[in-house]
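What follows is each chain in one-letter form.
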Amino acid sequence: MTHETTRRTVLLATGATGAAALVAACGGGGDDNGSASTSSPAGQDATSAAAGQVLANIDEIPVGGGKIFKDEEVVVTQPEQGQFKAFSAICTHQRCTVGSVSDGTINCPCHGSRFQIADGAVAQGPATRPLPAEQITVEGNAIRLT
């Protein structure tokens with residue numbers, strides 16, 4: 001009996017090989033040494049790691065200015081001595097990351113939007129919505145994202 005290789009046979013064989021590879025890749029590796037896995041789904045650690053994280057010491061945030069934390073997408077300001085505020089570092093106009101804090105405003109380099117350091121309100125467009133507030137706590141000299 002002669003067997004012809006058909007497209008269906010090739011697809012079935014390829015699918016079976018791919019499924020076997022997927023199962024092997026997802027398996028435990030056959031090394032059962034009693035240790036538990038400490039990995040978690042992608043993205044889950046980023047959220048839990050950011051909460052409670054120390055962003056800066058209070059002396060790193062200038063009075064009348066602020067500091068941008070690009071990785072956390074947060075900008076922390078100190079409008080008045082001892083008063084700390086935090087806002088999203090993502091501009092509400094077209095989602096660019098803000099680039100600087102100067103002269104009492106948080107400044108977006110993409111289209112020139114400016115936001116007040118005291119409340120995130122729009123000081124200059126084209127943005128029409130304020131920067132959303134972020135939650136921080138000041139404990140001793142540390143400013144923490146909450």
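Before reading on, note that the structure itself is shown above.
Residues numbered from 1 in each chain as written. Predicted model: local features only at pLDDT ≥ 70, side-chain atom pairs only at ≥ 80, totals over all residues. Heavy atoms only, no water.

*Asks:* Teacher, can you tell me more about the side chain of Thr77 here?
*Replies:* Its place among the elements puts Thr77 in strand β3 (residues 74-80). At 2.8 Å, the side chain of Thr77 forms a polar contact with the backbone oxygen of Ile117. Excluding residues that lie within four positions of it along the chain, Thr77 makes contacts with Ile61, Gly65, Gly66, Gln83, Phe84, Lys85, Phe87, Ile106 and Ile117. (Helix = DSSP H or I, 4+ residues; strand = E, 2+ residues; numbered from the N terminus. Polar contact = N/O pair within 3.5 Å; in protein donor to acceptor, adjacent residues only side chain to side chain. Contact = heavy atoms within 4.5 Å.)

*Asks:* Help me understand the state of the cysteines in this model?
*Replies:* One covalent bond between the sulfur atoms of two cysteine residues makes up a disulfide. Evaluated as defined, the whole model comprises one disulfide. There is a disulfide in this structure between Cys96 and Cys110, and the S-S distance comes to 2.1 Å. On the sign convention where negative means left-handed, the S-S torsion of about -110 degrees between Cys96 and Cys110 marks this disulfide as left-handed. Here Cys96, found in the loop between β4 (83-88) and β5 (100-102), pairs with Cys110, found in the loop between β6 (105-107) and β7 (114-116); they are 14 residues apart in sequence, far enough to count as distant. The exposure class of Cys96 is buried, given its relative accessible area of 17%. Overall, Cys110 belongs to the partly exposed group, its relative accessible area being 37%. Of the cysteine sulfurs around Cys91, a residue in no disulfide, the closest is that of Cys108, at 3.9 Å. Among the residues examined, Cys91 registers a relative accessible area of 2% and is labelled buried. In this structure Cys108 comes out as buried when scored by relative accessible area, which is 6%. (Disulfide = S-S within 2.5 Å. Buried < 20%, exposed > 50% of the residue type's maximum accessible area, 1.4 Å probe, protein only.)

*Asks:* Can you walk me through unusual backbone geometry in this structure?
*Replies:* Trans is the common state for peptide bonds, and a negative phi is the common state for residues other than glycine. Backbone geometry places Glu73, a non-glycine residue, at a positive phi of 55 degrees. What makes Glu73 partly exposed here is its relative accessible area of 41%. One non-glycine residue, Asp103, lies in the positive phi region at around 50 degrees. Along the polypeptide, Asp103 turns up in the loop between β5 and β6.

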